[in-house]
Amino acid sequence: MAETVVAGIPTSDFKITGTLHYSHDESLIKSDRDETPTVDYSLLYSNDLDQRAEALQHLAKACEDYGFFYLINGVPEDVVAEALKALSDFFNQTTLDEKGEYKKKNPTDRVRWFSNYNSEENRECLKVVAHPQYHCPSKPAHLRETLGEYLKRSHEVELGLARALSKILGMEETFIEKASKLQAGFDVTSVNFYPPSSQSKGPVGLADHTDPGLFVSLIQDVNGGLQILSQKGKWISVKIPPNAIFINFGDQIEFLTNGRYKSNVHHVVLENNKVSRISIGTLHGPALEASIAPDPEFVNQSHPPAFPGMTYKEYLEFNGFDEIDVQSSITQLRFYGLHGKHDIQVGKGALVPLISFTNKGLKRIGKDGNIIGSTWWQLGCLVLIRRIDKEEKDAIGEADYVLQGKNSIKGGKGALIPLISLCSKGLKRIEKDGKHGWEHMETNGVPCACIEAPPPVG
Ligand SMILES: O=C(O)CCC(=O)C(=O)O
Ligand SMILES: [Fe+2]
């Protein structure tokens with residue numbers, strides 16, 4: 001494994017070392033053996049209690065060892081086939097102009113279509129919000145009903161799986177449902193159309209990524225191209241058996257279980273594809289307003305909280321993308337050490353790296369508690385806050401902290417600033433004489449999140 005050092009940080013003062021989840025030896029990449037476990041959904045709810053206990057045990061092993069599996073007897077085969085057929089009709093029978101109507105116009109669009117053909121991605125993609133309200137293109141006419149039926153069935157399976165997962169985690173059956181407010185769970189379905197390799201602009205259908213959400217259910221018309229990185233570091237080709245759907249954990253299950261279950265990196269390669277392929281992946285997420293943080297049950301001295309708590313909506317917007325883009329932000333969180341896999345070494349100078357979860361900024365406060373300046377930065381970019389020494393203070397004569405960052409620092413308006421400190425010193429929001437600011441805080445090495453928002457000032 002190659003060591004990855006964060007670029008742009010003055011290494012003499014501050015260094016993050018560690019390996020990124022996405023870095024792996026090329027030699028580990030190929031694996032033709034399909035090791036993916038198969039779980040029988042019907043047995044998880046069998047009337048035979050011994051059979052049920054055995055099925056739950058098998059599920060537990062699949063979740064711990066893999067975090068992805070084929071699920072049989074969940075959604076009926078004909079329902080899957082009809083949905084795939086209707087979506088094939090969408091891609092093949094709808095004109096470019098008709099599809100173009102669904103190009104992104106504003107962040108609240110609930111149906112979106114785009115087409116990307118380049119060296120990093122080769123697919124046409126239709127995204128629809130599937131739950132709590134189901135949205136769908138108006139053509140072809142039969143799409144709404146057939147896709148709707150599939151999504152209804154897969155939502156039922158989602159609830160059933162959430163209960164089974166809660167049980168095998170040793171929690172109450174409704175644990176995941178309650179924690180993620182699943183009644184209003186935000187599900188987005190991505191329908192991908194990949195061309196045969198002869199028509200693509202490179203071998204990549206979809207680059208390495210993880211999916212937001214608790215878990216993803218995926219069906220496809222033909223096998224070919226989806227590969228998933230196992231916990232042992234092998235790429236496994238996904239070959240979905242008949243009457244099965246593929247289940248893969250998403251980022252929020254990793255957050256909630258504090259890393260006990262992993263969100264798995266996957267990608268799509270096209271190089272061997274002789275024909276086009278359609279996949280339908282539904283990201284089953286928590287409700288947008290549900291705040292997901294490591295549950296105390298999974299936190300202890302040897303497993304400090306590896307993620308900050310944030311709502312699903314905040315998480316989806318972390319990258320600057322919006323809800324229906326459903327882009328993962330886990331890399332940034334892992335990258336900056338919040339995953340707990342990185343050694344964070346703070347050198348002299350008490351540099352405190354901070355990440356902002358919104359594109360709003362930090363207010364600086366002077367000795368008297370008055371706000372004396374503000375700085376904004378882009379989503380997810382790293383900003384170092386350096387406590388200035390006396391000499392410098394005399395020279396500048398105003399602030400307690402200096403912000404520095406090589407990532408583009410943007411001007412802007414607003415004052416919401418959720419922050420995370422990665423080292424033992426943090427910032428705490430203070431309120432003094434009706435004024436808002438930040439002060440130093442000891443956090444005993446555990447990442448602290450200050451997610452209160454001072455009102456806009458000045
Ligand atoms: O097309 C596939 O098999 C995978 C699609 C995927 O990973 C996604 O849409 O997030
Ligand atoms: Fe994905």
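Per chain, residue numbering runs from 1 following the sequence as it is written. Working convention: letters from A go to chains and numbers from 1 go to ligands, in the order in which they are written. Per-residue local features are limited, in this predicted model, to residues with pLDDT of at least 70; the limit for side-chain atom pairs, both in listing and counting, is 80 or more; totals at the level of whole chains, interfaces and linings are taken over all residues. Heavy atoms throughout the structure, all of them, feed into the side-chain values; hydrogens and water do not.

**Quick word on the overall build of the protein**
Move 1: Think of it this way: any DSSP run of H or I at least four residues long counts as a helix, any run of E at least two long counts as a strand, and we number them from the N terminus. Summing up its helical and strand segments, the protein has 10 helices and 25 strands in all.
Move 2: Only protein chains enter the accessibility calculation, which uses a 1.4 Å probe; a residue is then buried when its area is under 20% of its type maximum, exposed when over 50%, and partly exposed in between. Here the protein, with 458 residues, has 53% of them falling under the buried criterion.
Move 3: Two residues qualify as a contact provided that any one of their heavy atoms is within 4.5 Å of a heavy atom in the partner residue. A sequence separation of at least 24 residues applies to 72% of the contacts in the protein between residues at least 6 apart.
Move 4: To be clear on the numbers: accessible area is Shrake-Rupley with a 1.4 Å probe, and residue cover counts the displayed protein chains and nothing else. Here the protein displays about 20,400 Å² of accessible surface, and carbon together with sulfur accounts for 49% of that area.

**Some details on the packing of aromatic side chains**
Move 1: Paired rings are identified among Phe, Tyr and Trp, the last through its six-membered ring, by centres lying within 6.5 Å, and are further divided according to the angle between planes into stacked (under 30 degrees), edge-to-face (over 60) and tilted (the rest). In the structure shown here, the tally under the stated rule is 9 aromatic pairs.
Move 2: Both rings, one in Phe 68 and one in Phe 246, keep their centres 6.1 Å apart while their planes meet at 50 degrees; by these two values the pair is tilted. Here Phe 68, found in strand β3 (residues 68–72), pairs with Phe 246, found in strand β11 (residues 244–249); they are 178 residues apart in sequence, far enough to count as distant. The same class applies to Phe 68 as to Phe 246, namely buried.
Move 3: Here the aromatic cluster, defined as three or more aromatic residues joined through ring pairs, consists of Tyr 66, Phe 68, Tyr 70 and Phe 246.

**Examining the site of ligand 1**
Move 1: The cutoff for a nearby residue is simple: one of its non-hydrogen atoms must lie within 4 Å of the molecule or strand. Near ligand 1, the surroundings consist of Ser 190, Asn 192, Tyr 194, Leu 206, His 209, Asp 211, Leu 218, Leu 226, His 266, Val 268, Arg 277 and Ser 279.
Move 2: Think of a polar contact as two N or O atoms within 3.5 Å of one another; within protein, one of them needs to be a possible hydrogen donor and the other a possible acceptor, and neighboring residues in sequence only count if both atoms come from side chains. Asn 192 is positioned with one of its side-chain polar atoms (N or O) 3.2 Å from an oxygen atom of ligand 1.
Move 3: Of all the elements in the fold, those that place two or more residues in the shell around ligand 1 are β6 (187–194), β7 (204–209), β12 (266–269) and β13 (277–284).
Move 4: Residue contributions to the shell around ligand 1 peak at 3 residues, all from β6.
Move 5: Across the shell around ligand 1, the residue classes break down as 5 nonpolar, 5 polar and 2 charged. By the convention adopted, Pro, Cys, Tyr, Trp, Phe, Met, Ile, Leu, Val and Ala count as nonpolar, Lys, Arg, Asp and Glu as charged, and the other residues, Gly among them, as polar.

**Describing the UniProt feature "domain: Fe2OG dioxygenase" (unreviewed entry) in the protein**
Move 1: UniProt positions are given in the numbering used here, feature names are shortened, and annotations may be inferred rather than shown by experiment. Mapped onto the present numbering, the UniProt feature "domain: Fe2OG dioxygenase" (unreviewed entry) falls on residues 185–286.
Move 2: Note that residues 185–286 is 6% helix and 44% strand, and that its end C-alpha atoms are spaced 4 Å apart.

**Focus: the sheet that holds β13**
Move 1: Overall, mixed pairing links the 8 strands, which are arranged β2-β3-β11-β8-β13-β6-β5-β4 in an open sheet. Here the strands that pair on one side only, and so sit at the sheet edges, are β2 (38–40) and β4 (111–117). On average, each strand axis in the sheet is tilted by 25 degrees relative to the strand beside it, whichever way the strands run.
Move 2: Here 7 bridges tie β4 to strand β5 (residues 122–131), and the two strands are oriented antiparallel to one another. The residue of β5 that forms the bridge with Phe 114 is Cys 125.
Move 3: Axis definition: a line fit to C-alpha positions, over the contact stretch in the case of helices; interaxial angles, taken between N-to-C directions, run 0 to 180 degrees. Sheet strands touched by helix α3 (residues 77–93): β4, β5, β6, β8 (215–220) and β13. Its angle to β13, the strand with the most contacts, is close to 115 degrees.
Move 4: Relative to β8, helix α5 (residues 143–168) is tilted by about 140 degrees, and along the sheet it contacts β3, β5, β6, β8, β11 and β13. Pairing between two strands requires that DSSP report at least two bridges joining them.

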